[in-house]
Amino acid sequence: MSQPLKHDANEQYSKNCQAINNFVVRFANTNGTGSASSNNMFAKAILRMGIPVSAKNIFPSNIQGLPTWYEVRISENNFLARRGGASEIVVAMNPQSLDEDIANVASGGFLLYDSSRALTDSQFRDDISYLSIPISAICQKEYQDPRHRQLFKNVVYVGALAALLNIEFDVLKSLVADQFRGKDKLITPNIYALELGYQYANQHFTCPLSIKVERRDLVNNRIMVDGNTACGLGAVYGGATVVGWYPITPSTSVIEKFASYCARLRIDPASGKRNYALVQAEDELAAIGIAIGASWNGARSFTATSGPGISLMTEFLGLAYFAEIPLVLINVQRAGPSTGMPTRTQQSDVLTCAYASHGDTKHVLLFPKDPAECFEFSALSFDLADQLQTPVIIMSDLDLGMNDHLCNEFTWDEQQKYQLGKVLSKKQLDEVKDYGRYKDTDGDGICYRTIPGTHPDKGAFFTRGTSRNEYAGYTEKSAEYVANMDRLNKKFSTASTLVPQPEIIEGKSMAPIGLIYFGTSSHAIDESRQQLKDHGLAIDTLRIKAFPFNNQISPFIERHTNIFVIEQNRDGQMRTLLMNELTIDPAKLNAILNYDGLPITSTFIVEKVLNTLALQQKSQVS
């Protein structure tokens, strides 16, 4: 069946969306077809035109064959959270999901599809415009290699979008040149594929559409990068030299990026030998054991994992906490429980990581909001681990780790020196008359440690996971056990003064409503504030950056009539942690919980706030 002319986009319906630099393009592809790099090129082209953009790759956990989506939000207002809802433009390249993709086009929007395969009558909507391009037929004619025919389909539709949306073609050409630098023979074929789509769109449609982009200068010096890359580079700058790891989605690329940076930055210039070690273990328990052993011996070491790995690592986390061994763990959270949805995002490990291991255990957690903080917190975590002699866990998530985000450039002070904490040298050991590994001589809960081999006969001690006295000697005396546990609690209080402080935004006149949030929920907050302001509501906010909690959080809660704790899990884990650690009345904390595996949106937050306020008002009236 040929497409009826009444559905052609050239008719320019009066109901068509009108938008400049403020819309969403959703790509519907099949996993394993090579579409991700082309879709990413589309997003970066808009970024290079000076327009803020964010991209979300929504992909299945199998290798290939199932539907995958890539959402690109263009927003010159710098609202870069996932918007949710219908999209103004949908590029539908997967017959398997076509009906769903057509339904996802906003009224007045556009569907770009491969018309080599005809649509059925039921797949036409009167309120959207159809951009029919015979992409498969074009590639069938132009390319003999079946693999090229598949790969260049993606490039052809990017070229068509360039004409339809007013994307500067020279920008795309420069991106191709950058992407295939060193593989020059691939540059010309990719540019040719872009031209095929560009020319077809110009010849068959009125270009640009009513939805388009215009060059701006709104990006400034920001960069677009994923959180896992940032964590890997941050670990290098933080002084890490040893990694014990076991691959798991979505954390594997943290180690891969660390390895690639080490290959450039951790090579001894004189000998050409590596100054780092990466050990792939047989499982997660062995991986963290390698990291703990290396750290005990004086190296800065770490591992990376996700929720299922955390479950397996809890025994060794307890050992590192109780034996007081520095350790950095990067947790890229995903949707659980069990295997859950391994390629979907959640903030699902807050309580697990805060209290990981049996017995009374508390761990330092850091909550980065973007790749710039992934870099900053990763580097900082090694200082904190050494200073506190304890595990430090970076709480990233799949959205942050595997998606590209617009963020500030990474910064590093070349004069900065590593904070190694209380490590005794040979000279200091000679001066100490009564050394005890677990003696708190300064009153901050942190004891002095030694690195094995520092002194020929002083400072030696057994490192054990059993109860011990101040001299590391085994004990089952209740008083000595209690004293040790109390000291560990004191050390945790000291940690609250060293970790990143919360970010608080309050107006000159105190707002009755306060939002508490953390991590990637941050992306939706600025937009939520604006939308709630449009409803006549003033909002104050507090972003938690770390656990243990700073002493500013309780006063913030007390100052506001209504507190909403925003998080991406089912059980309100951060809310529970706040209640437990700060003895907050549960009635004071309203939960806003998103756990569908997709990044939280401002629309979701605003709707929950308004509904809660309406219910409260109704209850007061009745």
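Because the structure is a prediction, the values reported are computed rather than measured.

Enquirer: What is the right way to look at the domain arrangement of the protein chain in this model?
Expert: A common way to express how large an interface is: the accessible area buried when the components associate. For the protein chain, the assigned domains read domain 1 (9–212), domain 2 (225–407), domain 3 (426–498) and domain 4 (503–621). For domain 1 versus domain 4, the distance between C-alpha centres works out to 36 Å. Listed per partner, the contact involves eight residues of domain 1 and 10 residues of domain 4. Interface area for domain 1 against domain 4, summed over the two sides, is near 760 Å², with a carbon-plus-sulfur share of 62%. Interface area lost by domain 1 to domain 4 is led by F79, A81 and R82, which between them contribute 64%. Linking domain 1 with domain 4 are one salt bridge. Inspection of the domain 1/domain 4 interface yields one residue pair in polar contact (both at pLDDT 80 or more).

Enquirer: Teacher, can you tell me more about helix α1 (residues 35–48) here?
Expert: In an α-helix there are 3.6 residues to a turn, and that puts residues three or four apart on one side. End to end, α1 covers 20 Å across 14 residues, agreeing with the expected 20 Å (1.5 Å per residue, within 8%). Along α1, 10 of the 14 residues are buried, which leaves the element largely enclosed by surrounding structure. All buried positions along α1 are accounted for by S35, S38, N39, N40, M41, F42, A43, A45, I46 and L47. Looking one or two residues beyond α1, the residue adopting positive phi is G50, at roughly 80°.

Enquirer: For this particular structure, what's the right way to read the sheet that holds strand β19 (residues 539–544)?
Expert: Each strand in a sheet pairs with another by means of backbone hydrogen bonds, the pair being arranged parallel or else antiparallel. Spatially, five strands are ordered β17-β19-β18-β21-β22 in an open sheet, and the strand pairing comes out mixed. Two strands close off the open sheet at either side, each with one partner strand: β17 (503–505) and β22 (589–593). On average, each strand axis in the sheet is inclined to that of its neighbour by 20°, with strand direction left out of account. Of the pairings in the sheet, the one linking strand β18 (residues 513–518) to strand β21 (residues 562–567) comprises four bridges and is parallel in character. Bridged to G514 within β21 is I563. Against the sheet, helix α18 (residues 573–582) contacts β18, β19, β21 and β22, and its axis sits at roughly 130° relative to β21.

Enquirer: In this structure, what is going on with the sheet that holds strand β5 (residues 87–92)? I would like to understand it.
Expert: With respect to topology, six strands assemble into an open sheet ordered β3-β4-β2-β5-β6-β7, the strand pairing being mixed. In this open sheet, the two edge strands, each paired with only one partner strand, are β3 (53–58) and β7 (129–133). Strand-to-strand, the axes of this sheet are offset by a mean angle of 15°, without reference to chain direction. Relative to strand β4 (residues 67–75), β3 is paired through six bridges, and the arrangement is antiparallel. Each bridged residue has a counterpart across the sheet, and for K56 the counterpart in β4 is E71.

Enquirer: Where do I start with the pairing of strand β15 (residues 391–397) in this structure?
Expert: Looking down a regular strand, the side chains alternate between one sheet face and the other. With respect to burial, β15 is a largely interior element, seven of its seven residues being buried. Here strand β13 (residues 327–333) pairs with β15 via seven bridges, running parallel. Of the residues in β15, the one forming a bridge with V332 is S396. With three bridges connecting them, strand β14 (residues 364–366) and β15 associate as parallel partners. Paired with V364 across the two strands is V392, which belongs to β15. Between the parallel elements β14 and β15, the chain passes through helix α12 (residues 371–388) in a crossover that is right-handed.

Enquirer: Explain helix α4 (residues 146–165) here, please?
Expert: Given a rise of 1.5 Å per residue, 20 residues ought to cover 28 Å, and the 29 Å separating the end C-alpha atoms of α4 matches this to within 8%. Remark: the principal bend of α4, roughly 30°, maps to F152. With 15 of 20 residues buried, α4 is to be regarded as a mostly interior element. At the N-terminal boundary of α4, the capping side chain belongs to D145, with an oxygen 2.8 Å from the backbone nitrogen of R147. Count one or two residues on from α4 and you reach N166, which has phi positive near 75°.

Enquirer: Explain the packing of aromatic side chains to me, please; I cannot follow it from the model alone.
Expert: A ring pair, where both rings are aromatic, is described by two values, the distance of the centres and the angle of the planes. Under the defined criterion, the tally for this structure stands at 16 aromatic pairs. Consider the rings of Y143 and F152, whose centres lie 4.6 Å apart with planes at 20°: the pair is stacked. One aromatic cluster is present, formed by F27, F42, Y70 and Y157 through successive ring pairs. Between R300 and the ring centre of Y418, over which it is positioned, the NZ or CZ distance is 4.6 Å. If you follow R468 out to its NZ or CZ, it ends over the ring of F322, 4.4 Å from the centre.

Scoring rules and cut-offs
- Residues numbered from 1 in each chain as written.
- Predicted model: local features only at pLDDT ≥ 70, side-chain atom pairs only at ≥ 80, totals over all residues.
- Heavy atoms only, no water.
- Domains from an automatic or database assignment.
- Contact = heavy atoms within 4.5 Å.
- Buried area = accessible area lost by both parts, 1.4 Å probe.
- Salt bridge = Lys/Arg side-chain N within 4 Å of Asp/Glu carboxyl O.
- Polar contact = N/O pair within 3.5 Å; in protein donor to acceptor, adjacent residues only side chain to side chain.
- Helix = DSSP H or I, 4+ residues; strand = E, 2+ residues; numbered from the N terminus.
- Expected span 1.5 Å × (residues − 1).
- Buried < 20%, exposed > 50% of the residue type's maximum accessible area, 1.4 Å probe, protein only.
- Pairing = 2+ DSSP bridges.
- Axes fitted to C-alpha atoms, helices over the stretch in contact; angles between N-to-C directions.
- Right-handed = clockwise from strand over helix to strand, strands pointing away.
- Bend = angle between axes of the 7 residues up to and from the residue.
- Phe/Tyr/Trp six-rings, centres within 6.5 Å; stacked < 30°, edge-to-face > 60°.
- Lys NZ or Arg CZ within 6 Å of the ring centre and 35° of its normal.

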